[in-house]
Amino acid sequence: MTSIVVELDTLRSLAFGSIGMTYLPLGIPFGHPMRIVKVINTTNADMFISDDGVLDKDYVPAGGFTLYDLTTNQNETAGWFFRIGTQIYVKYATAPASGSVFVVALFGEGE
């Protein structure tokens, strides 16, 4: 049975001056199976997101965000999660001059 209580994981971030034209890790890999993940782009440039550091998997426009809510409408024993050890990567589409990219993640208590 999965937990009915969620916890916020450590905030992950990368400032605009550290974001490059090739993929860089955005914080540390997930230490828990993540139920909800939000990628927030406060930079003034569009970003690409990846979970393998090679392929473009998602696009987050300047000032935008992407929300992965993997457990909505799931019962207590079913659901999907980002695996333990998943690393989120970011690279720019055009070079940013301000802001940061953040990852907010939630996991089940005790998971």
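All values reported here derive from a predicted model rather than from experimental measurement.

Analysis parameters
- Residues numbered from 1 in each chain as written.
- Predicted model: local features only at pLDDT ≥ 70, side-chain atom pairs only at ≥ 80, totals over all residues.
- Heavy atoms only, no water.
- Pairing = 2+ DSSP bridges.
- Helix = DSSP H or I, 4+ residues; strand = E, 2+ residues; numbered from the N terminus.
- Core = buried A, V, L, I, M, F, W, Y, C linked by side-chain atoms within 4.5 Å.
- Buried < 20%, exposed > 50% of the residue type's maximum accessible area, 1.4 Å probe, protein only.
- Contact = heavy atoms within 4.5 Å.
- Phe/Tyr/Trp six-rings, centres within 6.5 Å; stacked < 30°, edge-to-face > 60°.
- Polar contact = N/O pair within 3.5 Å; in protein donor to acceptor, adjacent residues only side chain to side chain.

**Student:** For this particular structure, what's the right way to read the pairing of strand β8 (residues 89-92)?
**Tutor:** Within a regular strand, side chains alternate between the sheet's two faces. The pairing of strand β3 (residues 24-25) with β8 spans 2 bridges and is classified as antiparallel. In the strand pairing of β8, leucine 24 is matched with valine 90. Two strands pair when backbone bridges link them, and strand β5 (residues 47-50) and β8 are joined in this way by 4 bridges, in the antiparallel orientation. Residue phenylalanine 48 lies in a different strand from β8, and its bridge partner there is lysine 91.

**Student:** Where do I start with the nonpolar core in this structure?
**Tutor:** A general tendency of soluble globular proteins is for nonpolar side chains to be buried together. Among the nonpolar cores identified, the biggest contains 18 residues, and Leu26, Phe30, Met34, Val37, Val90, Val101 and Val103 are the most heavily contacted of them. When contributions to this core are tallied by element, the ones reaching two or more residues are β4 (34-41), β5 and β9 (100-108). Take this core: its biggest share by element is 4 residues, from β9. Discounting residues that sit within four places of it in the chain, methionine 34 has contacts with Asp9, Leu70, Phe81, Phe82, Ala105, Leu106 and Phe107.

**Student:** I tried to follow the packing of aromatic side chains on my own but got confused; where do I start?
**Tutor:** What characterises a pair of aromatic rings is the spacing of the ring centres plus the angle enclosed by the ring planes. Under the criterion given, the structure shown has 3 aromatic pairs. Geometrically, the ring pair formed by phenylalanine 30 and phenylalanine 82 is edge-to-face, given 6.0 Å between the ring centres and 70° between the ring planes. Here phenylalanine 82 lies in the loop between β7 (65-69) and β8 and phenylalanine 30 lies in the loop between β3 and β4, a separation of 52 residues in the sequence.

**Student:** Help me understand the sheet that holds strand β6 (residues 58-60) in this model?
**Tutor:** Each strand in a sheet pairs with another by means of backbone hydrogen bonds, the pair being arranged parallel or else antiparallel. Pairing is antiparallel across the open sheet formed by 4 strands, whose spatial order is β3-β8-β5-β6. Sheet topology places β3 and β6 at the edges, where each strand pairs with a single neighbour.

**Student:** Just to check I follow, could you spell out the side chain of glutamine 87 for this structure?
**Tutor:** Counting through the fold element by element, glutamine 87 comes out in the loop between β7 and β8. A distance of 3.1 Å separates a polar side-chain atom of glutamine 87 from the backbone oxygen of glycine 27. For glutamine 87, the residues in contact, after removing those within four places along its chain, are Pro25, Leu26, Gly27, Ile28, Pro29, Ser50 and Asp51.

So far we have only geometry, and geometry alone does not tell us how the molecule works.
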